[in-house]
Structures are given as structure tokens and as C-alpha cells.
There are 2 protein chains.
Amino acid sequence: MCYTVIMNNFDFKNPTQIIFGKDSEKRTGVLAAEYGAKKVLLHYGGGSIKKTGLYDRVTASLKAAGLEVFELAGVKPNPRLSLVREGVSLCREHSIDLILAVGGGSVIDSAKAIGIGAVYEGDVWDFYTGKAEPQGSLKVATILTIPAAGSESSNGSVITNEDGGLKRPCGSDFIYPVFSICNPELAFTLPVSQIANGTADIFAHMHERYFTNVKQVDLTDRLIEAGMRNIIHHAPRLLDNPEDYDTWAEVMWTGTIAHNNLLDTGRVGDWGSHDIEHELSGMFDIAHGAGLAIIIPAWMKYVYKHDVELFAQFAERVFFVERDYVNPWKTALEGIYRLEQHFKRMGMAIRLSEVGITDDSFDEMAEKATAGDSAALGNFVKLDKTAIIKIFKLAE
Amino acid sequence: MCYTVIMNNFDFKNPTQIIFGKDSEKRTGVLAAEYGAKKVLLHYGGGSIKKTGLYDRVTASLKAAGLEVFELAGVKPNPRLSLVREGVSLCREHSIDLILAVGGGSVIDSAKAIGIGAVYEGDVWDFYTGKAEPQGSLKVATILTIPAAGSESSNGSVITNEDGGLKRPCGSDFIYPVFSICNPELAFTLPVSQIANGTADIFAHMHERYFTNVKQVDLTDRLIEAGMRNIIHHAPRLLDNPEDYDTWAEVMWTGTIAHNNLLDTGRVGDWGSHDIEHELSGMFDIAHGAGLAIIIPAWMKYVYKHDVELFAQFAERVFFVERDYVNPWKTALEGIYRLEQHFKRMGMAIRLSEVGITDDSFDEMAEKATAGDSAALGNFVKLDKTAIIKIFKLAE
């Protein structure tokens, strides 16, 4: 095994202002004005925010603060490049100075893409292929309705190019929202499938940071374990009581902390499972969280021998597995089993066959995942095309 | 018992950029210039930063970046108002635009006071008596040499007015440093007493946030417990090996997280122990951490019956005390006992008599603590003068 012995040097600053709690969306207009906005592009998905009345409350708040409001609806899960390009045009045409994303990770990621695209002369997709790096952005703010992606306080955005089914991430410090409004009540209307997918995504953001070759990062180990335990404790409670404020508050705040870059200070995350999953949802349009619940356990089974002790630590500290001192690898495997059971309890598929993906596609997905710059995915264990196919087999 | 049932609404944003790791002080000049500085006031304590070579490295870095450097040395533990006033005059005289604190909490708190004082027409002490609130500040940056106070990323400052021995805090979002350089190597030369006092202070910042009447704050409970376990695990290791980078990195980063306001999102901290301790160090000039190691266990013994279950949770999750299901209060008391044993292991006094403070002073200290606005201290349990004297008795 190859370990970096000490905590890595790091820079950490997260500039997003979080406004958390009941009725916090009523402050939208005042906040946007404080951040200097005059013309706001309201960006959202479909009709759900109109049904719930959120749309009315937000536009009323913006108008009460004297702001001019433009609109771009129609964001879909795995947000499309074509809509982003439309948003870029709109922002230029109307000299928009703040994009307000009202929705979940897809809407926020779309807004972020519009923000960096609007101040760039070339095509916004350049940022997602690595051809260019963002040099600035229009201000982006969010009203979070789906705790999951952590995009409300992250420096990342993931966009899907319909032309080829390519789902690609872009990271830049210009991408942090200026403020994010997080009211747990806005999640009360989510269907069970989105509860399951969202909480799986939150877990996954901690998982990707946890499995690292950097040793002597005890504080972040413990903080991540705290977050993992919290999401595993609270997620199932939402199935029984999807309108429980307390539980949603736990899930929503954990979702933000899971992905605001605090939890990977000093360490190098893996992100192999995310990259593999992007091929799944790029090709089959299944939800990101649903794909992760299938890929993560398979990834774990493929890599755990690389660091049995870290997997044993995960099992012991997150799932309170009793350590097998003679056979620590059994402790490690028990942790993976319990994670699968958690996803099953959430009503999720944990095998590709359950969602109709068969081995016909394994080669193509693995090929795409390792195309271009990324001949090998992940950091904890480097995964080439052969390794990725093995992971698909373990998930079959 | 009177509980707030749900997580409180909150705003959270911490704007301080943390630059963490080996050699990070070499970036000082470039960073200060990036933040727009031209004239820097270097603020520090005594000769220790000259002996270690840090002074030379920092001034070289500032000058290499083309900055003009002024100096104000002489900060003492429990930083004095008189030196702050001197700093305010210096800043005005030379049109300083960034104050660089090189040291621990005292130096940083002094720099923060100078920062808010320099842009205020009245006397800076007004901010510490509550007579006025800061409306701005000169930029303050820090190079941390003593992990303890958490002031490198906090919005607070504590100053002592020699005239009357009054030690008073001021909190304001204008007080956050713009950047803080945290290199664990800079702590290698600290004497054992400062290791003990500093790690006690770090624990105390988490303690003050942990004991709250707000329920349904599981995530922050768990994050605080992670931080507490980490400091209790690592602090004793420094006694055997005060030049262990990994251990100092854990302690230093925990010290920052303990006090950057993340850990009290959604909850109301107590701060009674801090307020009581300020009278101790105000009157007897003992170190803040040393006073806390005496006051906190006594405070716990006085208040634990207010919420036995929270104290049992503390004992079980932080010290892995086996729960007594029949007598949970015994679990609670065992947690307090283990905390005392931790401080003793760190070589600290845990009774007032050990540091020569006798019951002659109890009345006067309790009187001062409850003078003026604060007729009752703390939030978890409100403490009047009589209660504070009882806590002193428990600490006798």
C-alpha cells in the first residue's frame, strides 16, 4: 500500500452564506438586493414549485425588494446542456446579474453552468471538457427544495450533454453560490424515491471523501463518520413520516456539510464511484442517487483489500459492527453488507439487474468512463477499464 | 425542563480563508497583497517569534511582496486595553490597511480590537462594554502559533481592561480575519503548560456549544462529539512528543473547527463557564485554559441534573462510558469524572485550591461576573450570583 503519511496542506474557505430554517425563503428578495442584484433570472424545473406555492412566495419576495424578475423553467434531472445554453443567451440579452436556482441539485448545477457561461466568450461546455477554466461567474443563489446534491454550498456543477449522453463535472471556486436558502419544510412534498436517492447521494459525498490513502486525518475521519451516522439514522425515519421537520432539518444540514469541502480538508477523496455512476445516469437516465446505491457497495467489494483497516474502521464507527480481531476483513465485509441493507431498507435497488441494466452495456460504459483525459478513475484505488467492468460484474 | 423542541433557524457563513500546513507562512506576503494590503502592522507578543526565526520569515515574505511593515510588540496573555489603544493610534498615524497578528489568541484578539477601534471615532472599550457595536474594521490576518483560542477563524475578541481587572468579550461579523495561516510546526516550541491550557480551551469551546436546551440537533451533537474525542485522544500524545507534526495538525485543525461557529449552527450555546472563568483570569491572571479546566467540571456537577440524558450522551459518546440503564445519572457523573481525569493527565490543576484561590475571593468574583447587564450567566442553566458561588465551592 502507498500511503501519504501526513495530513495534506490545504486551503479552505467556503463563501456561501447559508440561511437555514422555517420561512427562510421569505428573505429571498432582501438578500438578493443586499448582494447587489437588480435583474434576477428565476431558474427552476417544472410545475411543482407552483403547486406548493413556493413560486408565488419567491416572486413576491423578489418584487417586494424592487427586483426585476426573468424566468427559465424546464430543468430536468441530469440537467441538459441545451437549456444551459438557452440560459446563457437569456442572461446576456437581459443583463441579468443574479441567477436564482429554485430546486435541487439539477436546477442549481444548471444555474451554475449558466453563471460561468454567461461571462465567457466561448461555449460553456468547454468548462466541462477541461478545454477552459472559469474565470468568473454571474452571482448564483439558491433556494433548496431537495436535500441531496450538496450543490447549494459546493464549488461544483455536473451537466449532461445530450449529444452523446456525456455527463461531466466542472469545479471552480467561482461556482460557489453567494447565498443558499435551506428550509426543511420545502422538502415535505418529495416522493419516497427522491428521499431514497437524495439521502444516498448525501451518504455518497461523505463516502467519496472518507476512503483516502492519506493517513493521520483523524478529525475529518471522525467528522465524516458523524455525518454518515446521522444520515443513516435519520433517512429511514423519513419513509414513515415525510413531513417531520426535525428529521428533514437533520438530513438537509447534513447534505450541505457533506459536500461543502470541509470534510475533505487535508485528504484526497476518491470519486471513482461518482465517475462510474455518471456513465450509468448518462446512458440510462437513472437518478444519480439510485445509481450510487448500486455502484458504491460493488466498488467497496472490489477495493476493500487495499486497506482492510480503513474499511473495518468504517464498519465499527459508522455501523457499530463488533470487531473481529482475528479476521478484521470480516469486519470490513460486514460494514459493506450493512450499507447494502440500509439502501434496501430505503426501498432502493442494489443491483444493476434490478434496474434492467445488463452486461451488454458494461463494456461501453467502462469505455466511456475511461475515455479522454481520465484513463483511470478514482484515487483510493486507480480503476482502469478492466477494473470498472469487474465492478459492474460485482453489481450485476 | 424547558426545551426548544426544534433546531433553531440560523445564518451561517465563515469568511476566513484557512491556509493550513507546512511552510504556509511563506505565503503571507503574497496573500496580504492579494487582499489589497499596502501597509501592514505586524502585531505580536515577545521575543519567541524572533528566537524561532518566524519573525524573519514573515517580514521577508511581506517585504518581498512590496509591503510596508510597521510593528507593535508586547501583547501579553489576557491582552491589555492599553496596548490596543496604542495600536489604534499607530494604525491611524500610518494609515495601516492590514493588521497581521502573529501569535496565539491573545495577539489575535488584540489585533481584532485594534482593527475595530481604528475605524471608530469613540473609545474601543465601548465595544466591550456593549456601549457601541462595531460598524467596520481594518482587515486582520493571522499566523497562528498557539492552537487554543480559535480566534483565527472566529468573530470574537476578548480584552482585559487593567483598570478594574475587567475581562470582556466582543462579538461581531466584522471581526472575522480575512485569512489565517495555520502551520502545525509553529507550535513545536510550546511549553507543556501551554499545550495543556490550549487543548483545554479547545475542548471548552466545544463544551460550551454542546450543552444546550435545543433538542433535535443531532448533526451538531455528533460533530461536536467527534471534535471532543479527537482533542481528548490527541492532547496527551503531545506531552510525550511535542514535535509530532501529525498530532499538532489534529489539535490545530480541531482548535479552529471548535470555534468557527459551525458547531453551534441551530443551537444556543451556554458560555457560563467562560464567563465565570473570565473573572478568574481577570482577577488572578491565570491562563484562560487553566481556569476552564477547574471551572468546567464544577459547572457540570452543578448543572447535570438539569438534563441527565444529555450528560449521559456526553459520557457514552465522548468517553465511551458504559451506560447504567437503571441509574443514568451515574453514567452522567462518570463522564464528568473522566473529564477531570483527562485534565489531570494533562498535568493541570482541577481545583481552585491548587492554584491558590481561596473562598475569600468567591463573593467578589461572583459579584463582578453578574454585574452590569449580565445579572445571570449561561443559557443551559441561568446562573445568578448565588449559583456561581456554589460552583466555586464545588471547585474549591
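Residues numbered from 1 in each chain as written. Chains lettered and ligands numbered in written order. Predicted model: local features only at pLDDT ≥ 70, side-chain atom pairs only at ≥ 80, totals over all residues. Heavy atoms only, no water.

Q: Just to check I follow, could you spell out the overall build of chain A for this structure?
A: Assigned secondary structure in chain A consists of 15 helices and eight strands. The C-alpha radius of gyration computed for chain A amounts to 21 Å, which stays within 12% of the reference 21 Å derived for 396 residues, consistent with globular compactness. Each principal axis of the C-alpha atoms in chain A carries an extent, and together these give about 70 × 45 × 45 Å. Classification of the 396 residues of chain A by burial places 62% in the buried group. Across chain A, contacts joining residues at least 24 apart in sequence account for 77% of those joining residues at least 6 apart. A distance of 2 Å separates the average location of the 39 positive side-chain charges in chain A from that of its 52 negative side-chain charges. (Helix = DSSP H or I, 4+ residues; strand = E, 2+ residues; numbered from the N terminus. Rg over C-alpha atoms; globule rule 2.2 N^0.38 Å. Buried < 20%, exposed > 50% of the residue type's maximum accessible area, 1.4 Å probe, protein only. Contact = heavy atoms within 4.5 Å. Lys, Arg positive; Asp, Glu negative; His and termini not counted. Charge placed at Lys NZ, Arg CZ, Asp CG, Glu CD.)

Q: Explain the domain arrangement of chain A to me, please; I cannot follow it from the model alone.
A: Reports of interface size often rely on the accessible area that becomes lost once the parts have come together. Residue and element names in this part refer to chain A. Domain annotation of chain A identifies domain 1 (23-182) and domain 2 (192-394). A straight line from the C-alpha centre of domain 1 to that of domain 2 covers 27 Å. In this assembly, 21 residues from domain 1 lie in contact with 23 residues from domain 2. For the domain 1 and domain 2 pair, buried surface summed over both sides reaches about 1700 Å², with 49% attributable to carbon and sulfur atoms. Area buried by domain 1 at its contact with domain 2 is led by Pro147, Ala148 and Lys167, which between them contribute 31% of it. On inspection of domain 1 and its partner domain 2, the count reaches one salt bridge. (Domains from an automatic or database assignment. Buried area = accessible area lost by both parts, 1.4 Å probe. Salt bridge = Lys/Arg side-chain N within 4 Å of Asp/Glu carboxyl O.)

Q: So what exactly am I meant to see when it comes to the packing of helix α14 (residues 362-369) of chain B against helix α15 (residues 385-394) of chain B here?
A: Two quantities define a packed helix pair, namely the angle between the helix axes and the distance between the axes. Residue and element names in this part refer to chain B. At a minimum axis separation of 9 Å, α14 and α15 run at an interaxial angle of 135 degrees. By the angle between their directions, the pair α14 and α15 is classed as oblique. Where α14 crosses over α15, the two elements pack in a sense that is right-handed. On the side of α14, the interface is formed by Phe362, Asp363, Met365, Ala366, Glu367 and Ala369, while α15 contributes Lys385, Ile388, Ile389, Phe392 and Lys393. (Axes fitted to C-alpha atoms, helices over the stretch in contact; angles between N-to-C directions. Parallel < 35°, antiparallel > 145°, perpendicular 65-115°, else oblique. Left-handed = near helix turned anticlockwise from the far one by under 90°.)

Q: For this particular structure, what's the right way to read unusual backbone geometry?
A: What is expected of a backbone is that most residues other than glycine have negative phi and most peptide bonds are trans. Residues and elements named next belong to chain B. A positive phi is found at Gln216, a non-glycine position, where the angle reads about 65 degrees. Looking at the element boundaries, Gln216 is found in the loop between α7 (192-210) and α8 (218-240). Take Gln216: its relative accessible area is 34%, and that puts it in the partly exposed class.

Q: Looking at this structure, I do not really get the pattern of salt bridges. What am I missing?
A: Pairs may arise between side chains of opposite charge once their charged atoms sit close together. Throughout the structure, instances matching the rule amount to 39 salt bridges over all chains. A salt bridge links Asp11 of chain A to Arg27 of chain B, with the nearest nitrogen and oxygen atoms 2.9 Å apart. Of this pair, Asp11 of chain A sits in strand β1 (residues 10-20) while Arg27 of chain B sits in the loop between β1 (10-20) and α1 (28-34), each in a different chain. Given the relative accessible area of 36%, Arg27 of chain B is considered partly exposed. Two residues, Asp307 of chain B and Lys215 of chain B, come together in a salt bridge whose shortest N-O distance is 2.8 Å. Placement of Asp307 of chain B in the loop between α11 (288-303) and α12 (308-319) and of Lys215 of chain B in the loop between α7 and α8 is noted, with a sequence separation of 92 residues between them. One network of salt bridges, with partners in common, ties together Lys301, Glu340 and Arg351 of chain A.

Q: Just checking my understanding: could you explain the sheet that holds strand β5 (residues 139-144) of chain A for this structure?
A: The pairing of strands in a sheet comes from backbone hydrogen bonds and takes either a parallel or an antiparallel form. As summarised here, the arrangement of the twelve strands in space is β3(A)-β2(A)-β4(A)-β5(A)-β8(A)-β1(A)-β1(B)-β8(B)-β5(B)-β4(B)-β2(B)-β3(B), forming an open sheet in which the pairing is mixed. Of all the strands in the sheet, just β3 (68-72) of chain A together with β3 (68-72) of chain B have a single pairing partner and so form its edges. Strand-to-strand twist of the sheet, defined as the mean angle between neighbouring strand axes without regard to direction, takes the value 25 degrees. For strand β2 (residues 39-44) of chain B and strand β4 (residues 98-103) of chain B, the ladder comprises five bridges, and the chain directions are parallel. By the bridge assignment, Leu42 of chain B is partnered in β4 of chain B with Leu100 of chain B. Along the sheet face, helix α3 (residues 54-64) of chain A touches β2 (39-44), β3, β4 (98-103) and β5 of chain A and points at about 170 degrees away from the line of β2 of chain A. Packing against the sheet, helix α4 (residues 81-94) of chain A makes contact with β2, β3 and β4 of chain A, and its axis sits at approximately 160 degrees to β3 of chain A. (Pairing = 2+ DSSP bridges.)

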